[in-house]
Amino acid sequence: MTSEAAVSTRPTMSSTPSKGDYHWLRSFVAGGVAGCCAKTTIAPLDRVKILLQAQNPHYKHLGVISTLRAVPKKEGILGLYKGNGAMMVRIFPYGAIQFMAFDKYKKLLSKRIGISGPIHRLMAGSMAGMTAVICTYPLDVVRARLAFQVKGDHRYTGIANAFHTIYLKEGGVLGFYRGLTPTLIGMAPYAGLSFFTFGTLKSLGLKHFPELLGRPSSDNPDVLILKTHVNLLCGGVAGAIAQTASYPLDVARRRMQLGSVLPDSEKCVSLIKTLKYVYNTFGVKKGLYRGLSLNYIRCVPSQAVAFTTYEFMKQVLHLN
């Protein structure tokens, strides 16, 4: 029995022609389901992160735990899920495109360009993350705007109204791409390190401790995959490392996305200006890394669930 990575590098003579049909579509669905499961798990933490990052006036004096307590009191329990509808609309195509693109880029780099080993995971992950961002960015902007609103102080009544208002009042299509530059710059190390770390840990685990960490895939007994709890651990470690490297850029991205919603929006018109403004006004701990403790709490289960769900869906949809 060999690992999944080893099996995928040589031809499988026993595969029937139909098994390869619509592989891209099955990969797309698997990635979309993985993304939705991951984000639903941490939706309340995502809402609090946005409130803290952008210094929402209703909660800016509070910390992570106190904000988690204050939001249900002020807005009801569903307040923790505000903007989650827009998130689900965005995250399915985002997760689908990211995981599908990662597989495609990895094959492209390996077979067409000749780049292999750990470096092709890093490059493929970065490229996949940026591809997914570009394709779904307007939905992320709308989700951030809705999540930033507080009960009794609404600018948008829903997803459709947010799209309509931003288009009319903020420069048309360009209004949906505020903060795209820091997002892409931040996504390159985040997605790259995330896929690189998970893939490397997975390969090392299956290579050196196959009996302890691995088990046969349910759809292909000849393929060895990680056990569920090991998948969760590897995904969590990958998320923590990736978030640490890219967090200040995430803060800048959120401020630029929120645009005219913030009273100091005129100072957040570019990546450099936003980073300088946040640093000079709030410092490192309370500015560039505000909410980082929450991000560790949210990114570990999020990435753990995303990678584990994708590995599970690969078996269900016969992608191994």
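Residues numbered from 1 in each chain as written. Predicted model: local features only at pLDDT ≥ 70, side-chain atom pairs only at ≥ 80, totals over all residues. Heavy atoms only, no water.

Draft legend 1. Region of the structure containing the pattern of salt bridges. Tallying each qualifying case throughout the model produces 14 salt bridges. Residue arginine 143 pairs with aspartate 46 through a salt bridge whose shortest N-O separation is 4.0 Å. Of this pair, arginine 143 sits in helix α6 (residues 118-148) while aspartate 46 is found in helix α3 (residues 43-53), placing the two residues 97 residues apart along the sequence. Put simply, aspartate 264 and arginine 255 hold a salt bridge, and the shortest N to O gap is 3.4 Å. Among the residues examined, aspartate 264 registers a relative accessible area of 12% and is labelled buried. Linked by salt bridges that have partners in common, Lys39, Asp46, Lys49, Arg90, Asp140, Arg143, Asp250, Arg253 and Arg254 make up one network. (Salt bridge = Lys/Arg side-chain N within 4 Å of Asp/Glu carboxyl O. Helix = DSSP H or I, 4+ residues; strand = E, 2+ residues; numbered from the N terminus. Buried < 20%, exposed > 50% of the residue type's maximum accessible area, 1.4 Å probe, protein only.)

Draft legend 2. Fine view of a nonpolar patch on the surface. Residues Tyr22, Trp24, Leu25 and Val29 make up a contiguous nonpolar surface patch of about 410 Å² in total accessible area. A residue is classified by how much of its surface remains accessible, and valine 29, at 30% relative accessible area, is partly exposed. (Patch = residues over 30% accessible without salt bridge, like charges linked within 9 Å, V, L, I, M, F, W, Y side chains within 5 Å. Areas by Shrake-Rupley, 256 points an atom, 1.4 Å probe, with all protein chains shown as cover.)

Draft legend 3. Examining the UniProt feature "repeat: Solcar" (unreviewed entry) in the protein chain more closely. The positions UniProt marks with the feature "repeat: Solcar" (unreviewed entry) are residues 22-108, 116-204 and 226-316. In residues 22-108, helix accounts for 77% and strand for 0%; the two terminal C-alpha atoms are 18 Å from one another. Along residues 116-204 the backbone is 75% helical and 0% strand, and the end-to-end C-alpha distance reaches 16 Å. (UniProt positions renumbered as here; feature names shortened; annotations may be inferred.)

Draft legend 4. Main features of the packing of α3 against helix α13 (residues 292-316). Contact geometry for α3 and α13: axes closest at 10 Å, N-to-C directions at 155°. As the angle between them shows, α3 and α13 are arranged roughly antiparallel. When the axes of α3 and α13 are compared, the crossing they make is left-handed. Taking contact as the criterion, the partners of Leu45, Asp46, Val48 and Lys49 in α3 are, on α13, Leu294, Asn295, Ile297 and Arg298. In terms of residue class, the contact of α3 with α13 is built from 4 nonpolar, 1 polar and 3 charged. (Axes fitted to C-alpha atoms, helices over the stretch in contact; angles between N-to-C directions. Parallel < 35°, antiparallel > 145°, perpendicular 65-115°, else oblique. Left-handed = near helix turned anticlockwise from the far one by under 90°. Contact = heavy atoms within 4.5 Å. Nonpolar A, V, L, I, M, F, W, Y, C, P; charged D, E, K, R; others polar.)

Draft legend 5. Broad picture of helix α11 (residues 271-282). When the terminal C-alpha atoms of α11 are compared, their 16 Å separation across 12 residues agrees well with the 16 Å that a helix rising 1.5 Å per residue should span. When we look at burial in α11, the residues that qualify are Leu271, Thr274, Tyr277 and Val278. Looking down the long axis of α11, one finds its buried residues gathered within 135° of arc, a one-sided arrangement. Along α11, exposed side chains directed more than 90 degrees from the buried face belong to Ile272, Lys273, Lys276 and Asn280. Considering only its buried residues, α11 is in contact with α8 (180-208), α10 (228-258) and α12 (284-288). Trailing α11 by a residue or two, glycine 283 shows a phi angle of about 85°, which is positive. (Expected span 1.5 Å × (residues − 1). Arc of directions from axis to C-beta.)

Draft legend 6. The domain arrangement of the protein chain, seen in detail. Once the domains are mapped, the protein chain shows domain 1 (23-172 + 290-319) and domain 2 (185-283). Its C-alpha centre places domain 1 at a distance of 11 Å from the equivalent point of domain 2. Facing the 45 residues of domain 1 at the interface are 42 residues of domain 2. Of the roughly 3,700 Å² buried between domain 1 and domain 2 on both sides combined, carbon and sulfur atoms contribute 60%. The partner of aspartate 140 in a salt bridge is arginine 253, and the shortest N-O contact between them spans 2.5 Å. (Domains from an automatic or database assignment. Buried area = accessible area lost by both parts, 1.4 Å probe.)

Draft legend 7. Broad picture of the nonpolar core. Among the nonpolar cores identified, the biggest contains 22 residues, and Ala30, Phe99, Leu226 and Phe307 are the most heavily contacted of them. Of all the secondary-structure elements, those providing two or more residues to this core are α2 (23-41), α5 (84-113), α6, α8, β3 (223-226), α10 and α13. Considering every element that reaches this core, the biggest residue donor is α5, with 4 residues. Among the domains, domain 1 (23-172 + 290-319) and domain 2 (185-283) are the pair contributing at least three residues each to this core. (Core = buried A, V, L, I, M, F, W, Y, C linked by side-chain atoms within 4.5 Å.)

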